[in-house]
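# Reading the structure
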Amino acid sequence: MAKLEIQNLVKQYRSDVIPVNNISLSVEDGEFLTLLGPSGCGKSTLLRLIAGLETATKGKVIIGNRNVNNIAPGERNIAMVFQSYALYPHMNAADNITTALKLKKMPPEEINRRLTQAATTLELTNLLDRKPGKMSGGQRQRVALARALVRDPEVFLLDEPLSNLDALLREQVRSQMKQLFKSQNKPVVYVTHDQTEAMTLSSRVAVLYRGEVQQLDTPSWIYSHPANEFVASFVGSPQMNLFTLKRQDNSVKLGGNTIAFKSDDYERERVILGIRPEHIHLANSEDSDVVTGKITLIEELGKEKLVSIQINNSDLIIRALFSLDNLQEGDTINIALASKFLHWFDVSTGKRINNSI
């Protein structure tokens, strides 16, 4: 078994272009780490540095206690699955899966054993004679996964492998992948901008922005305790409501409504308040943090409705998720912001701050 370690890794193209900026992290055996972030955040570059497809400016990539910085990609004993599948169009599935093994002059009996095992695991037995042009997107993706499996690598690297699939197929393959890599008990590094993939597949998630890790935690902790304003805005769908508000002693004003806030070490005049749409409900007599506003838009999401509410005495719009059918655009309603789900961020640094209320 092999642990993957990244120590103070930097990739710099110019003084003002640093897609990977001093990143350190580790991935244990059996751990599924997702690199999550928007386009241009450095996640794919980081994956290519691990694979050896890019050369690091500084730092180390260590696989199984071995520094692989000066080792060619083919000698690092990693397997990479690409967004584009990267299959040879003139070869059938079986040949695509086993080409790397043949190049290593592995005995035919061992090649057939690995091919049979991977094809059975990924339900490809009846497709081994087909060429990529005769396969669906999901089938081509499973061939690419099988090609990675047969190599029996120390580390699996996956670069947005589901992005070319439609929504239903993506969900099916995602479920297969989770079971597949759980059984492998190897370090897995997965790149995506899709937070659903990150939340459902991962043991841990590293949220990247501008070449730096903003937060590295379990999916549930990142969702419930975002480390800063960026993570709060990027993780969660629908997006978290975020408001920059003026602080008055132990409270802030949200429109004409008062929301309790107290922090022993926060002294700035303004603070950022965050609340997820799913943590807002219609107010009752027992609620304290109550906001009044007019419904400006109702969006049907199937099971629930995403309701946009203009807060009284302001131009601010807050969005909430409701399952009620009796709400209409133009209605004035009172909503409660559940105090235990309020998030507060420093207006200058964006970092999470603690509210002692």
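In case you missed it, the structure is sitting above this.
Overview of the structure. Predicted, not measured: the structure shown is a model, and the values here were computed from it.

## Brief notes about the sheet that holds strand 6 (residues 78-81)
If you trace the six strands from one edge of the open sheet to the other, you get 6-7-8-3-9-10, paired in mixed fashion. The two strands at the open ends of the sheet, each matched to only one other strand, are strand 6 and strand 10 (212-217). Across the sheet, the axes of successive neighbouring strands diverge by a mean angle of 20 degrees, strand direction being ignored. Pairing geometry for strand 3 (residues 32-36) and strand 8 (residues 188-192), over five bridges, is parallel. By the bridge assignment for strand 8, Thr34 is matched with Tyr190. In the packing of helix 5 (residues 167-184) onto the sheet, the strands contacted are strand 3, strand 7 (155-159) and strand 8, and the crossing angle to strand 7 comes to about 160 degrees.

## Re the sheet that holds strand 2 (residues 20-27)
Strand order in the open sheet formed by four strands is 2-1-4-5, with antiparallel pairing between adjacent strands. What marks the edges here is a single partner per strand, and that holds for strand 2 and strand 5 (66-67). Here strand 1 (residues 4-11) runs beside strand 4 (residues 58-63); their pairing, made up of five bridges, is antiparallel. Counted as the bridge partner of Glu5 is Ile62 from strand 4. Along the sheet face, helix 1 (residues 43-51) touches strand 1, strand 2 and strand 4 and points at about 120 degrees away from the line of strand 1.

What counts as what
- Residues numbered from 1 in each chain as written.
- Predicted model: local features only at pLDDT ≥ 70, side-chain atom pairs only at ≥ 80, totals over all residues.
- Heavy atoms only, no water.
- Pairing = 2+ DSSP bridges.
- Helix = DSSP H or I, 4+ residues; strand = E, 2+ residues; numbered from the N terminus.
- Axes fitted to C-alpha atoms, helices over the stretch in contact; angles between N-to-C directions.
- Contact = heavy atoms within 4.5 Å.

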